[in-house]
Amino acid sequence: MILDSKIPEGPLAEKWDKHKFNVKLVNPANKRKYDVIIVGTGLAGASAAASLAELGYNVKAFTYHDSPRRAHSIAAQGGINAAKNYQNDGDSVYRLFYDTIKGGDYRAREANVYRLAQVSVNIIDQCVAQGVPFAREYGGLLANRSFGGAQVSRTFYARGQTGQQLLLGAYSALSRQVAYGKVKLYTRSEMLDLVVVDGQARGIITRNLITGEIEQHAAHAVVLATGGYGNVFYLSTNAKYCNATAAWRAHKKGAFFANPCFTQIHPTCIPVSGDYQSKLTLMSESLRNDGRVWVPASKETAERLRKGEIRVSDIKEEDRDYFLERKYPAFGNLVPRDVASRNAKQMCDEGRGVGGSGLAVFLDFADVIKRNGAEWVSQKYGNLFDMYAKITGENPYEQPMRIYPAVHYTMGGLWVDYNLQTTIPGLYATGECNFSDHGANRLGASALMQGLADGYFVIPYTIGDYLAQTPPKPVTTEHPAFKEAEAGVRARVEKLMSINGTRTPAEFHKALGHIMWEYCGMARNAEGLRHAKTEIQKLRREFWSDLKLTGTDQEMNQMLENAGRVADFLELGELMIDDAYNRNESCGGHFREEYQTPEGEALRDDENFTYVAAWQFNGENQPEILNKEELRFENVKLTQRSYK
Amino acid sequence: MSWITKTFSSSIGRKFIMAVTGLFLCSFLVVHLLINLQMLRHDGGASFNFWAEFMGTNPVIRAMEVVLMLGLLAHIYQGLALAVKNKKARGGQAYVVNHSEQNSQWASRNMALLGTLLLIFLIVHLMNFWIRSRFDAMGGLAEVRVPNLDHPVGDLYSVAAASFKIPWYVALYALSQIALGYHLWHGFRSGFQTLGLNHRKYTPAIYLTGYGFSVIVSALFAIIPLVMFFSEAYQPRPATGNTVEQSLTTEPALR
Amino acid sequence: MAGSNPNAKPMNLTLKVWRQRNRNTEGRIVDYQVKDISPDMSFLEMLDVLNEDLLRQGEEPVAFDHDCREGICGSCNLFINGRAHGPEAGTTTCQLHMRKFSDGDTITIEPWRSAAFPVNKDLSVDRSAFDRIIQAGGYISINTGGTPDANEIPIPKDIADRAFEAATCIACGACVASCKNSSAMLFVSAKVSQLALLPQGHVERKTRVENMVAQMDKEGFGACSNIGSCAAECPVGISLENIAIMNREYINAKATSNNLA
C-alpha cells in the first residue's frame, strides 16, 4: 500500500497556511449535526474536545479515569517549548523546527514539525488567556528556562508542574463545554474496540468500569488521544493505567502502527529500589540546567562507594568524571535525552555506577547550592527535591541525587497523515498516540507542545475537511458492525474471566517488561531481538492459558481491566521487536549495538532507513506487513548529530 | 426565593451571619464584663446598680438590646441549622478510626457542643437576672438610691451577691466560662476568616488577639462569682421594703 | 537496596481494610496480614503485595484508586489510621512510604467518607461532584484562537505565584474527607482565588463565585466552620487564605452583581 502523507505543496513556511485555506469547511449551521468521539482527555484529548465543541460539533469525550483531570499529562514537570523568542537569544520558528528535526535524528516529517513550531507560539497565548499561571519575572512578563537539545531558552514553565497547569487549563475549557451541553463526558469508560462501518471509523465499544456494562457509541468521526505505550516495559515513568489498548484495537481494525521501536529512555529518573517497584518516577530534565552528572573516575572507587567503604564526600574533585561535560563540551549536561541516557548506561556498564545496585549515576547540585544558596535551589526545584526525599529517604540538598534512565515516552504510535488522520478514514490520532512529530527522539518540553498543538490548532481544521465530505445524517449504532464489535469485546472479556489459571496479570506484565527492557531497551541487537520474539510469543501463550482472575466482569474489577491491557501489550511488544529488528541502524532512542560510530554514538543509515515504518495488521498470529513512508528532507541537511 | 434569601441560605451566607452576629456578641461581652467588674468595687454595688439602671433605661441601649436579642437568636438558629446540614453532609458511615486531633483544635471541631452548653447557661442566667430586672412580674428588684440619680433604682447587685453565695450556682458560672473561653478561642478568629479578613500581615495579630480575648474575657467573667463567693465583702442587702441610700465611697462591710 | 537504610528490616503488618461491594451494600472492616514489606515500598506498593496475594488465593483484591503514583494526578485517596493520606504531612497516599511504619503495626485503611463521595467499591469513591463544581464556573470563558499575545498583560510575579499556588490543587478530596463538616470549601476556593487573582479571571469573577458556590451547596457538601483540618491534611499545601478570598468574593458578588436570582 502506498502511504499518502498528504503533505501540502509549496515552501515549508507556507504549507500550513495554504492547507488551512484548501481544506473544506463545514457550514456553521451544519456543525451541530456532526458527532465526534474523542477517546482520552489528557492534553491532546481535552484540548481537541473543547476546541471542537466550541466550533459547534457534538463531542463525546471518554476517559477511564474518574475525572478528565487525572490524565497523565498532569505529571509532566519541566515545561513547554514555544518559539516566542521573548529572551532575544536568537530563537525563531525555524530554529525550533530545526532543533526538533535534529533532536529527532532526522526521522520526522519536515512539514509536520514546521507546523508544530509555527503553532507553538499560539499555544502560549491560549494558555495564558485561560489563566494558566506560568512562571514570571519580576517585571511581570513570562519567564523561560533551557532544556536539553537547544541552545536557546524557550521553555515556558510553572515551577515543576507545567503539565498539571496546562492540563487544568484544557480541562477547564472542556468543563465549560460540558456545562454548555456541547460535550458529553463519559468517565470511568474504557474503549475496548473501534467500530468501522464501510471502511470508515464510526464508533467505539466501551466498558463502564464501575458497572461492567459494555456500551456502543456512534459518531461521524473518532479521535484517539490515548497517549503512549511506554508501559509495555512494565516499569516506566508512565502512570499505572497508561495503556495501548485503544490504539492497539484501532491497529487491529486497520490503522497502521508507525515506528513502534522508537521509545524514549529518560536519563533522570529515580533508580529502581526493589522487585516490588510498581513504577518509576521522573526527576525533571530541567534539573540538568543546574545539576552536574558524574560518576567516580575509576571502577575501584565506584566499587568501594557501593560497598559503603567510602562516602560521596570522600571522593575528591579530580576523582570524579563529569562525563557529559567531558564528552560534549558544547551542550554539556544539556545533551538530548537519548545521548544522556546512553552515556549513563555506558558508565554503569563500565562498572562505574553508584548506588547499591550500581545502576545509577549522580546528579549533583553542590556547585549551584554553593553559588546561589539552597534557598534559590528550593525556589526553582523545591517540589522535585521534596519528591526525591520522600521516595528515597535521602536529602538531595546534602548529597547528590542518584538517577538512572527509565522508559518515558514513545515516539512511535498510530501512523497519521498531515491531517492527523490514520489509515482508517474518520479515525484520527493526536498527541503521544500518533507518531508524527518527534522522529526517533523527542526533545524535552516538546510533548506538551505537540499534544496541545494537535488538539487546539490542528485537528479543529483538519477534521472539518473530512466531515465536510460526510453527509450530515445522524449516525446510529444500528449497523451490524456495532453488534459484531460488541460481541468480540464480550467474548474477549469472558475468555479472560474463564481461564482460571495460576498467574496474575501483574506477573505476566512484569515478565513482559523484563524481556522488553533487556532486549529492546536502551541497546538492542539482532540476536537479542530474535530471542525476545520467541520469549514473548511463549509468554503470550502462557497468558491465555494460565491467567488468574477473580470476581466477575459485572462490577468494578481492576484486575480484569489490567489483564485486558496486558494482553494487548503482549502483542504490541512483539511488533516493537519486529520493528527494532527491521531497522538496521541506530537513530535517536533506537540504538542497535551493531551500528555505532567508533566513539559509541548512534550511526544512522540514511540511505536505507530514511523512512517511517508503518506496520499493517494482517490477522491474528500472522506477521505484520511493513509499509514504508519515505521521508524527504528538502530544507535541512542530514548530518551526523553532534552535540560536542 | 429572592437573591437575599438565597444568599443567606447558602453555606457562605449562613457562615456570614454566624460571623457578624458572633463578633457583635463579642462586643457585647466587653460591655457586660466592664459592668460586671463594677460589682468588685467595695461600694455595696452602687456603681453596679448605677450602670445596670443605665443599661435598663437608656433608649439607645434599649434599642441595641433588641438588636442583640435578634443577633443572638440568629446566631443560635444558624448554628443549629449548620450543625444539622454539616452532619448530613458527613454521611451515614463514620470513620472507624479518626484522628482529627492531629489536624485541628478541639475547640474548632466542637463549636456546636460548646454553643449548646452556652445556651443552657444563658437560659439559667437570663431567667435569674435579665428577666427579673426587666419584668416586675418575675419577682422584680428591691429599690435603692445611688448618687447622681434623682430616682431610686433596682438593686440588681443584691440579686447577684445572693446568687453568688450558692455553691452550685457559682460552679455553674465558673464552668460555663470555660465553655465560653473555648467558644471564643475558635470563634473570634473564625469570624474574621469568614468575613474574608485574612491577610498575611494581619492574620497573626487577629489570631493573637482572639486567643488573648478568649482567655481574658472568660477568666474575668469566671473570677467575679468566685471572688464574691469566697469574700465576705460582698453581701446582698437584706430585704427591708425601704429604699436605701447608697454612696459610691461607702464600703458596705464598714457600714 | 539502593538508597535505602541498609539496617531497615522487612516488616509484617496487620491491615484492617474497609471492604464494600458497591454503593448500595453495607461495608465492613476485614483483617489481612502482609509479610516481608520493605521499608522502601510505597504504601500503594504494599497494597499491591496484598492484592497479588489475594488474587493468587482466589480472593477478590481490594479496589482502590491510584494512577500516576507520583503525587500529582490526585487519584489516590486513602484514609490511613484516621488521617487523610496517612500520617505524613504534605504527602499523597502514593508518596507515603512504608519507612513511616514499624514492624508489627496495625494499619486501618478506609475510603474517603462523605455524603457527596459515594463508595464505588471498597476504597474507591465517586468524586464527580468536584467536576460538576468546576463545570459550574471554574474556567475563563474564552474559545480557542484569537487570544492576545501572552506578554500583553504583565502580571506581578507575586500575584502569579499566589495564583499558581492555589492552582496546584490536585482535587484528591482530602479536604472533604478530613473535614468534620465534609466541606469542599478548600477545593472550591483554590480555583476561585486562582482566577480571582489573575487579571484574566476578573471579567467573570462575580458569576464564577456565585455559580460555583451554588453548585457546591447543591452537591451536598457541608459548610466551612474554619476548623482548618483541610489545610492541615492537604497534600499540596493549599492555604486557608483561599477560603477567606472566596468568602469575600462571594459576599461582594452577592452584594453587587446584577444577578437577581
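- Identification of chain B as Succinate dehydrogenase cytochrome b subunit from Hymenobacter fodinae is taken from an unreviewed UniProt entry.

- In the annotation of an unreviewed UniProt entry, chain A is listed under the name succinate dehydrogenase and assigned to Hymenobacter fodinae.
- In its Cofactor (unreviewed entry) section, UniProt records this for chain A: "FAD".
- The heading Catalytic activity (unreviewed entry) in the UniProt record of chain A holds the text "a quinone + succinate = fumarate + a quinol".

### Some words on the overall build of chain B
So, step 1. Along the backbone of chain B there are nine helices and three strands.
So, step 2. What you see in chain B, going N to C, is helices and strands ordered as α-α-α-α-α-α-β-β-α-α-α-β.
So, step 3. Over its C-alpha atoms, taken along the principal directions, chain B stretches across nearly 65 × 40 × 40 Å.
So, step 4. The burial tally for chain B puts 42% of its 255 residues in the buried class.

### Considering the overall build of chain A
So, step 1. Counting its regular elements, chain A contains 17 helices and 19 strands.
So, step 2. In terms of C-alpha radius of gyration, chain A reaches 24 Å, essentially the compact-globule figure of 26 Å for 644 residues.
So, step 3. By principal-axis analysis of the C-alpha atoms, chain A measures approximately 75 × 60 × 50 Å.
So, step 4. The burial tally for chain A puts 68% of its 644 residues in the buried class.
So, step 5. Restricting the contact set of chain A to residue pairs at least 6 apart, pairs at least 24 apart contribute 75%.
So, step 6. Just so you have it, chain A exposes about 21,200 Å², and 48% of that area is on carbon and sulfur atoms.
So, step 7. Each charge class in chain A can be summarised by its mean position, and for the 76 positive and 76 negative side chains these summaries are 3 Å apart.

### Quick notes on the interface of chain B and chain C
So, step 1. Chain B puts 38 residues into the contact, and the matching count from chain C is 51 residues.
So, step 2. For the chain B and chain C pair, buried surface summed over both sides reaches about 3,600 Å², with 54% attributable to carbon and sulfur atoms.
So, step 3. The tally of links from chain B across to chain C stands at one salt bridge.
So, step 4. Of the charged contacts in the structure, one is a salt bridge between E241 of chain C and R200 of chain B, with a shortest N-O distance of 3.3 Å.
So, step 5. Our count for the chain B to chain C interface comes out at 28 residue pairs in polar contact (both at pLDDT 80 or more).

### Topic: the packing of aromatic side chains
So, step 1. Using the criterion set out here, one finds 47 aromatic pairs over all chains in the structure.
So, step 2. Between F62 of chain A and Y186 of chain A, the aromatic rings sit 4.5 Å apart at their centres with planes inclined by 5 degrees, giving stacked as the arrangement. One end of the pair, F62 of chain A, is in strand 2 (residues 58-62); the other, Y186 of chain A, is in strand 5 (residues 183-186), and 124 residues separate them in sequence.
So, step 3. Look at F62 of chain A and you get buried, because its relative accessible area is 1%.
So, step 4. Ring geometry for F385 of chain A and Y397 of chain A: centres 4.7 Å apart, planes at 45 degrees, overall tilted. Of this pair, F385 of chain A sits in helix 11 (residues 374-392) while Y397 of chain A sits in the loop between helix 11 and strand 15 (401-410), placing them twelve residues apart in sequence.
So, step 5. For F385 of chain A, a relative accessible area of 1% puts it in the buried group.
So, step 6. You can call Y397 of chain A partly exposed: its relative accessible area is 27%.
So, step 7. Members of the aromatic cluster, joined through ring pairs, are F121, F129, F164, W168, Y169 and Y173 of chain B.
So, step 8. Sitting over the face of the ring of Y418 of chain A, R115 of chain A holds its NZ or CZ atom 4.2 Å from the ring centroid.

### Some details on the environment of S172 of chain A
So, step 1. Along the chain, S172 of chain A falls in helix 5 (residues 162-179).
So, step 2. When the C-alpha positions of S172 of chain A and R342 of chain A are compared, they lie 39 Å apart, and in sequence the two are 170 residues distant.
So, step 3. Sequence-distant contacts of S172 of chain A, defined by excluding residues within four places in its chain, comprise G138 and Y139 of chain C.

### With respect to the interface of chain C and chain A
So, step 1. Facing 77 residues of chain C, the contacting portion of chain A comprises 86 residues.
So, step 2. In this assembly, chain C packs against chain A so that about 6,700 Å² is buried in total across both faces, 51% of it on carbon and sulfur atoms.
So, step 3. D65 of chain C is the partner of R188 of chain A in a salt bridge, and the nearest nitrogen-oxygen pair spans 3.0 Å.
So, step 4. For the pair chain C and chain A, the number of links is 45 residue pairs in polar contact (both at pLDDT 80 or more).
So, step 5. Within the residue set of the side of chain C that touches chain A, elements represented by two or more residues are helix 1 (43-56), strand 6 (119-121), strand 7 (124-125), helix 2 (128-135), helix 3 (157-167) and helix 5 (185-197) of chain C.
So, step 6. Among the residues making up the side of chain C that touches chain A, the classes are represented as 33 nonpolar, 24 polar and 20 charged.

### Digging into the pairing of strand 8 (residues 214-218) of chain A
Residues and elements named next belong to chain A.
So, step 1. For strand 7 (residues 200-208) and strand 8, the ladder comprises five bridges, and the chain directions are antiparallel. For T206, the partnering residue across the bridge sits in strand 8 and is E215.
So, step 2. Between strand 7 and strand 8, which follow one another and run antiparallel, lie five residues, and G212 among them has a positive phi close to 80 degrees.

### With respect to the UniProt feature "transmembrane region" (unreviewed entry) in chain B
So, step 1. Within this structure's numbering, the places UniProt gives as "transmembrane region" (unreviewed entry) are residues 16-40, 60-84, 111-131, 166-185 and 206-230 of chain B.
So, step 2. Secondary structure within residues 111-131 of chain B divides into 100% helix and 0% strand; the distance between the first and last C-alpha atoms comes to 27 Å.

### Let's talk about the domain arrangement of chain A
All names here are of chain A.
So, step 1. Split into domains, chain A comes out as domain 1 (267-407) and domain 2 (480-606).
So, step 2. Measuring from the centre of the C-alpha atoms in domain 1 to the corresponding centre in domain 2 gives 31 Å.
So, step 3. Contacts between the two partners involve eleven residues from domain 1 and, on the opposite side, nine residues from domain 2.
So, step 4. Interface of domain 1 and domain 2: buried area, both sides summed, is about 790 Å²; carbon and sulfur atoms make up 58% of it.

### Some points on the sheet that holds strand 19 (residues 625-630) of chain A
Residue and element names in this part refer to chain A.
So, step 1. Strand order in the open sheet formed by four strands is 16-10-18-19, and the pairing between neighbours is antiparallel. A single partner strand is all that each edge strand has here, and the edge strands are strand 16 (413-414) and strand 19.
So, step 2. Note that strand 10 (residues 257-258) and strand 18 (residues 611-616) share two bridges and pair antiparallel. Looking at the pairing, F257 lines up with W615 of strand 18.
So, step 3. Taken strand by strand, helix 16 (residues 558-582) contacts strand 10, strand 18 and strand 19, and its axis lies near 145 degrees from that of strand 18.

### Things to note about the pairing of strand 6 (residues 189-197) of chain A
All names here are of chain A.
So, step 1. By the criterion of burial, strand 6 is predominantly enclosed, with eight of the nine residues buried.
So, step 2. Two elements, strand 6 and strand 7, share eight bridges in a ladder whose sense is antiparallel. Opposite V195, over in strand 7, you have G203 as the bridge partner.
So, step 3. Here strand 6 folds back onto strand 7 in antiparallel fashion, the turn holding two residues, of which D198 has a positive phi close to 50 degrees.

### Considering the side chain of T245 of chain A
So, step 1. One can find T245 of chain A in helix 6 (residues 245-252).
So, step 2. When sequence neighbours within four positions are dropped, the list of residues in contact with T245 of chain A reads M191, L192, G564, R565 and D568 of chain A.

### A short note on the arrangement of the chains
So, step 1. With two pairs of chains in contact overall, the greatest share of contacts is found between chains A and C.
So, step 2. Nowhere do chain A and chain B come into contact; their C-alpha atoms are at least 20 Å apart.

### Focus: unusual backbone geometry
So, step 1. Phi at N88 of chain A is positive, roughly 60 degrees, even though this residue is not glycine.
So, step 2. Position of N88 of chain A relative to the elements: it lies in the loop between strand 3 (80-81) and helix 3 (93-103).
So, step 3. The exposure class of N88 of chain A is exposed, given its relative accessible area of 68%.
So, step 4. Despite not being glycine, H85 of chain C has its phi angle at roughly 65 degrees, a positive value.

### A look at the UniProt feature "domain: FAD-dependent oxidoreductase 2 FAD-binding" (unreviewed entry) in chain A
So, step 1. Under the local residue numbering, the UniProt record ascribes the feature "domain: FAD-dependent oxidoreductase 2 FAD-binding" (unreviewed entry) to residues 35-448 of chain A.
So, step 2. Helix and strand shares over residues 35-448 of chain A are 30% and 19% respectively, and the end C-alpha atoms of the span are 26 Å apart.

### What about the nonpolar core?
So, step 1. The biggest cluster of nonpolar side chains holds 233 residues, and the ones touching the most others in it are I80 and F134 of chain A together with F221 of chain C.
So, step 2. In terms of residues, this core owes the most to one element, helix 16 of chain A, which gives twelve residues.
So, step 3. Not counting the four nearest positions on each side in its chain, F221 of chain C is found in contact with K85 and A89 of chain B together with A116, F117, A129, F130, I133, V176, S182, S183, A184 and M216 of chain C.
So, step 4. Counting 34 residues, the second largest nonpolar core, distinct from the first, contains C26, M55, A161 and A233 of chain B.

### Points about the confidence of the model for chain B
Residue and element names in this part refer to chain B.
So, step 1. Confidence along chain B averages 90 in pLDDT terms, with 93% of residues attaining 70 or more.
So, step 2. The secondary structure element of chain B with the lowest average pLDDT is strand 3 (residues 244-245), at 72, and the one with the highest is helix 5 (residues 106-109), at 97.
So, step 3. For the stretch residues 250-255, pLDDT sits under 50, and the model shows nine contacts to residues farther than four places along the chain or on other chains.

### Observations regarding the UniProt feature "active site" (unreviewed entry) in chain A
Residue and element names in this part refer to chain A.
So, step 1. Here, UniProt's "active site" (unreviewed entry) annotation points to R337.
So, step 2. In this structure, R337 is in contact with F147, Q264, I265, H266, P267, E285, R288, H408, N441, R442, G444 and A445, ignoring residues within four places of it in sequence.
So, step 3. A polar contact is formed between the side chain of R337 and the side chain of Q264, at a distance of 3.0 Å.

Here is what the cut-offs are and how they apply
- Residues numbered from 1 in each chain as written.
- Chains lettered and ligands numbered in written order.
- Predicted model: local features only at pLDDT ≥ 70, side-chain atom pairs only at ≥ 80, totals over all residues.
- Heavy atoms only, no water.
- UniProt positions renumbered as here; feature names shortened; annotations may be inferred.
- Helix = DSSP H or I, 4+ residues; strand = E, 2+ residues; numbered from the N terminus.
- Buried < 20%, exposed > 50% of the residue type's maximum accessible area, 1.4 Å probe, protein only.
- Rg over C-alpha atoms; globule rule 2.2 N^0.38 Å.
- Contact = heavy atoms within 4.5 Å.
- Areas by Shrake-Rupley, 256 points an atom, 1.4 Å probe, with all protein chains shown as cover.
- Lys, Arg positive; Asp, Glu negative; His and termini not counted.
- Charge placed at Lys NZ, Arg CZ, Asp CG, Glu CD.
- Buried area = accessible area lost by both parts, 1.4 Å probe.
- Salt bridge = Lys/Arg side-chain N within 4 Å of Asp/Glu carboxyl O.
- Polar contact = N/O pair within 3.5 Å; in protein donor to acceptor, adjacent residues only side chain to side chain.
- Phe/Tyr/Trp six-rings, centres within 6.5 Å; stacked < 30°, edge-to-face > 60°.
- Lys NZ or Arg CZ within 6 Å of the ring centre and 35° of its normal.
- Nonpolar A, V, L, I, M, F, W, Y, C, P; charged D, E, K, R; others polar.
- Pairing = 2+ DSSP bridges.
- Domains from an automatic or database assignment.
- Axes fitted to C-alpha atoms, helices over the stretch in contact; angles between N-to-C directions.
- Core = buried A, V, L, I, M, F, W, Y, C linked by side-chain atoms within 4.5 Å.
- pLDDT = per-residue confidence, 0-100.

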